[in-house]
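Topology and contacts: notes
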Amino acid sequence: MAVLLTLGALTARAQNEPIKYGKVDAKLFDPAQYPTAAGAPAVVLCDYGTSRIEGADDGFRVVFERVTRILVLTKAGYEQATVQIPLYRREADEEKLVNLRGATYNLVGGKLEKQELDSKTVFGERLDEHRSLRKFTLPGVREGSIVEYAYTIKSDFVFNLQDWRFQRDIPVEWSEYRAVMPSFYQYKQIQRGFLPYKIQETTVVPYHTTYHASTKDGYGTLLTESGNTSMLTTQAIRCRWAMEHVPAFHDEPYMTTARDYLAGIDFELDLIQFDPARPHPVTSTWEKISAELTKDEQFGAWINGRTALSAPAEALARTYPDPATRAAAVRTLVQRAVRYSGEERLYADQPLRRVLEQQRGNAAEINLLLVRTLSDAGLPCWPVLVSTRGHGRVFTDLPLISQFNYVVAAVPLANGSELLLDATEPTAAAGTLPARCLNGQGRLVAANGRWVSLVPSQKHARVTNARFSLDEQGRLQGTVRREYVGYAALAERNQLAELGEKAYLGALQKQYVDCQLRRTALAQVDSLSKPLVLDVDLSLPALETGAAQVYLPLLQFVTDRQNPLQPDSRIYPVDFGTLHEDVLSVALALPKGYRMDELPKNVVLSLPNGDGRYSFEAALRDNVLYLTSRLQLRKTQYQPGEYPGLRELFTRALAKHQEPLVLHRTP
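Before going into details, it helps to say that this report is about the structure given with it. (Residues numbered from 1 in each chain as written. Predicted model: local features only at pLDDT ≥ 70, side-chain atom pairs only at ≥ 80, totals over all residues. Heavy atoms only, no water.)

1. Some points on the overall build of the chain
A tally of helices and strands in the chain yields 10 helices and 36 strands. Each of the three principal axes of the chain carries a C-alpha extent, and together these read 105 × 80 × 45 Å. Residues counted as buried form 49% of the 667 residues belonging to the chain. Across the chain, every contact between residues at least 6 apart in sequence was considered, and the portion connecting residues at least 24 apart equals 73%. Counting every atom, the chain has about 31800 Å² of accessible surface; 49% of that belongs to carbon and sulfur. Taken together, the 77 basic and 77 acidic charged side chains of the chain have centroids lying 2 Å from each other. (Helix = DSSP H or I, 4+ residues; strand = E, 2+ residues; numbered from the N terminus. Buried < 20%, exposed > 50% of the residue type's maximum accessible area, 1.4 Å probe, protein only. Contact = heavy atoms within 4.5 Å. Areas by Shrake-Rupley, 256 points an atom, 1.4 Å probe, with all protein chains shown as cover. Lys, Arg positive; Asp, Glu negative; His and termini not counted. Charge placed at Lys NZ, Arg CZ, Asp CG, Glu CD.)

2. Here we look at the sheet that holds strand β3 (residues 82-90)
Taken in spatial order, the 4 strands make up an open sheet running β4-β3-β8-β7, and their pairing is antiparallel. For this open sheet the edge positions go to β4 (93-94) and β7 (123-126), each flanked by a neighbour on one side alone. Bridge count for β3 against β4 is 2 bridges, and the pairing is antiparallel. Residue pairing for β4: arginine 89 is matched across the bridge by glutamate 94. (Pairing = 2+ DSSP bridges.)

3. Topic: the packing of aromatic side chains
Counted by the stated rule, this structure contains 29 aromatic pairs. Seen from their ring centres, phenylalanine 194 and tyrosine 261 are 6.0 Å apart, and the 35° between their planes marks the pair as tilted. Taken together, the positions of phenylalanine 194 in the loop between β12 (185-192) and β13 (199-216) and tyrosine 261 in the loop between β14 (222-246) and β15 (264-272) put the pair 67 residues apart, joining distant regions of the chain. Classification of phenylalanine 194 by relative accessible area gives partly exposed; the value is 36%. Exposure remark for tyrosine 261: the relative accessible area of 4% places this residue in the buried category. Three or more aromatic residues joined by ring pairs form one cluster here, namely Phe64, Tyr151, Trp164, Tyr177, Trp241 and Phe267. Directly above the ring of tyrosine 21 sits arginine 101, whose terminal nitrogen or CZ lies 4.8 Å from the centroid. Positioned above the aromatic ring of tryptophan 451, the side-chain terminus of arginine 443 is 5.1 Å from the ring centre. (Phe/Tyr/Trp six-rings, centres within 6.5 Å; stacked < 30°, edge-to-face > 60°. Lys NZ or Arg CZ within 6 Å of the ring centre and 35° of its normal.)

4. Side note on helix α6 (residues 363-376)
Across its 14 residues, α6 extends 20 Å between first and last C-alpha, which sits within 8% of the 20 Å expected from 1.5 Å per residue. You can read the cap of α6 off the contacts: a side-chain oxygen lies 3.0 Å from the backbone nitrogen of alanine 364, and it is on asparagine 362. Backbone geometry just downstream of α6 places glycine 378 in the positive-phi region, at approximately 85°. (Expected span 1.5 Å × (residues − 1). Polar contact = N/O pair within 3.5 Å; in protein donor to acceptor, adjacent residues only side chain to side chain.)

5. Topic: the pairing of strand β34 (residues 624-633)
Counted residue by residue, β34 has 7 buried out of 10 residues, so it is predominantly covered. Direction of pairing for strand β30 (residues 580-589) relative to β34: antiparallel, over a ladder of 10 bridges. Among the inter-strand pairings, histidine 580 is bridged to a residue of β34, identified as leucine 633. Here strand β33 (residues 612-621) runs beside β34; their pairing, made up of 10 bridges, is antiparallel. Within β34, the position partnered with leucine 620 by the bridge is leucine 625. Two successive antiparallel strands, β33 and β34, enclose a turn made up of 2 residues, where aspartate 622 displays a positive phi of approximately 55°.

6. Brief notes about unusual backbone geometry
Its identity is not glycine, yet glutamine 524 carries a phi of approximately 60°, on the positive side. Under the relative-accessibility criterion, glutamine 524 is labelled partly exposed at 31%. With a phi close to 65°, asparagine 623 is a non-glycine residue in the positive phi region. Inspection of the secondary structure assignment puts asparagine 623 in the loop between β33 and β34.

7. Overview of the side chain of glutamine 162
Its place among the elements puts glutamine 162 in the loop between β9 (146-155) and β10 (164-165). Taking relative accessible area as the criterion, glutamine 162 reaches 17% and is therefore assigned buried. With residues up to four places along the chain from it excluded, the contact list for glutamine 162 reads Ser51, Phe64, Glu95, Ile153, Tyr177 and Phe267.

8. Here's the deal with the pattern of salt bridges
In total, this model carries 41 salt bridges according to the counting rule given. Close ionic contact of arginine 66 with aspartate 47 constitutes a salt bridge, the shortest N to O distance being 2.8 Å. Highlighted residues: arginine 66 in strand β2 (residues 59-72) and aspartate 47 in strand β1 (residues 42-56), separated in sequence by 19 residues. Among the residues examined, arginine 66 registers a relative accessible area of 17% and is labelled buried. Given the relative accessible area of 1%, aspartate 47 is considered buried. A single network of salt bridges, built from pairs that share partners, joins Arg52, Glu54, Arg61 and Glu65. (Salt bridge = Lys/Arg side-chain N within 4 Å of Asp/Glu carboxyl O.)

9. Points about helix α3 (residues 310-319)
Given 3.6 residues per helical turn, the α-helix brings residues three or four places apart onto the same face. Taken together, the buried positions of α3 are Ser310, Ala313 and Leu316. Along the long axis of α3, the arc covered by the buried residues comes to 115°, so they all point the same way. In this structure, α3 carries Arg318 and Thr319 as exposed residues pointing more than 90 degrees from its buried face. Contacts made by the buried residues of α3 are with α4 (323-337) and α6. (Arc of directions from axis to C-beta.)

10. A few points about the side chain of aspartate 47
For aspartate 47, the side chain forms a polar contact with the side chain of threonine 68, separated by 2.7 Å. Apart from the residues lying within four places of it in its own chain, the contact partners of aspartate 47 are Arg66, Val67, Thr68, Trp164, Arg165, Arg168, Trp174, Ser175 and Glu176.

11. Some points on the nonpolar core
Phe468, Leu552, Leu554, Val558, Val586, Leu588 and Leu646 are the most contacted members of the largest nonpolar core, which has 54 residues in total. By size, the runner-up hydrophobic cluster in this structure holds 45 residues, among which are Ala42, Ile70, Leu195 and Met243. (Core = buried A, V, L, I, M, F, W, Y, C linked by side-chain atoms within 4.5 Å.)

12. A short note on the environment of glutamate 65
Take glutamate 65: it is sitting in strand β2. Separated by 312 residues in sequence, glutamate 65 and alanine 377 place their C-alpha atoms 58 Å apart. In this structure the side chain of glutamate 65 is engaged in a polar contact, spanning 3.0 Å, whose partner is the side chain of arginine 52.

13. Some words on the pairing of strand β19 (residues 382-386)
Counting buried positions over the 5 residues of β19 gives 4, a clear majority of the element. Both β19 and strand β20 (residues 406-412) contribute to a ladder of 5 bridges, which runs antiparallel. Looking across to β20, one finds that leucine 385 is bridged to valine 407.

Have a look at this one:
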């Protein structure tokens, strides 16, 4: 038997360690030496972890060691002194936390004072059947303190090789992780984030460990604890990753979950191979996952058999011959029967009978019922596994059901496309997935399963038409009609449902802050396949009519006033989820006595490869000024290298909208 075991501490510590617990001196307290510390509440001076696999009783275990040192700079950084250590459990077995140490260091009169963690202040908390926490707060923290802690986790769950995050919500000066993985345990490495490594090394090293096998009888009863102790020798992969001067992570507009962006590395046990001739795959396949789901009582059982909705669905098949129209009618039938509880789930939590009785269900219960009812209506239909934007991106080469937390329905159409359906949002039109589902690709659950694009055909679009007139006394009044199309309509309808019409219309005054709103009205609220229409009649403060030259910031009254992309640079992709388009058409009728000597300059700006475009055009005909503005984003996601051009497109468009019209008044 060719075996590989942890080279253990010997291999993991073959290289110099970046930190040693307890080795704190006065020179570490000066924040000026840390490039990332400026303006931060605290800075991680060093975060260092190692993982190794070693022999244990009748098996192997993962030993994870960590040392972390943090400089607290302001009162807002005190929270860094509170530490939570997650532990995994399964049935009666739990990862063991050992050798926990912690201390707070302060410089008082030039002398170093140390206050150690009291083990009696360490508390445990059970989160669920598989997760628990150990929590503690380091004592004596003040501005300028250094807090430090170290611990070891011993885990019999070799599939649970510790993940690592190089990035936090505060800056990190140095973060390093080392792992030694014997050849008989092969792990997939999942790189996350968009930051470069300072060090990334992989080497093959000798590996050995001792393994203890106890003696048991034929019934599994332990006969002796002495058993047999063997030395296992093979080779191992030694990996080392490090990042330096890591910026703090902050949420920015148009992002999915933070887990998709935080620099880090995850592991999944892929293969166990003690005998080269008999490898044992651990990771499943997508085909196996589909087969298992179709047999699962909380998934597959929901898409087979008859329900109280079967007969009405069969009637819809006779009423609506067109598949898309019939699918929309089935979706409405399900929505009338069951309301969404707000819980994003991949599996049903309760029996179908109870869901129908309570008329309330989670996402899986509603959408699996939708799949079932679509089939009753004579439409071929399959579930599609989805990871919502708040759950994280899907790695298509990693067959893990845990990557998903949601399910929708797919109906094939005659033109070769698929109609993706979700019945959780009554404000969405049929074929419009909730915005939370717009996250890359979903997995079709079928005998010939495949990936399905979740990029929608519908845009997030606004079309604004405004008509203004200026009288000889300088009074300006007009009408604005804004049509919200596609995902813009869905967002507005959701807000309308949340606030109610009165509060929704009342909030418009904040948008038209310089105007007096005389009338506001909504149209096509319940016509989900049509744009939501907002009509506004307004008047603006009178212009200064005594001056020969008048400045009128007309477009500011009907456009956004802030760039959604504020930072000068960005290290993460901009993920809109949908294509975006914003069209503005304004007409201004000028009275006698007013003229424009110079029209606003026309502008056309384009991103490379036509990935975005902004255009502005002005024309004057029969003393009516016509302004047309159009911003188009032709990709759903822009990479960090594309961010400067994308931000400039928004900046130039905003600047154009803020340009005042220069009117001349003749006496």
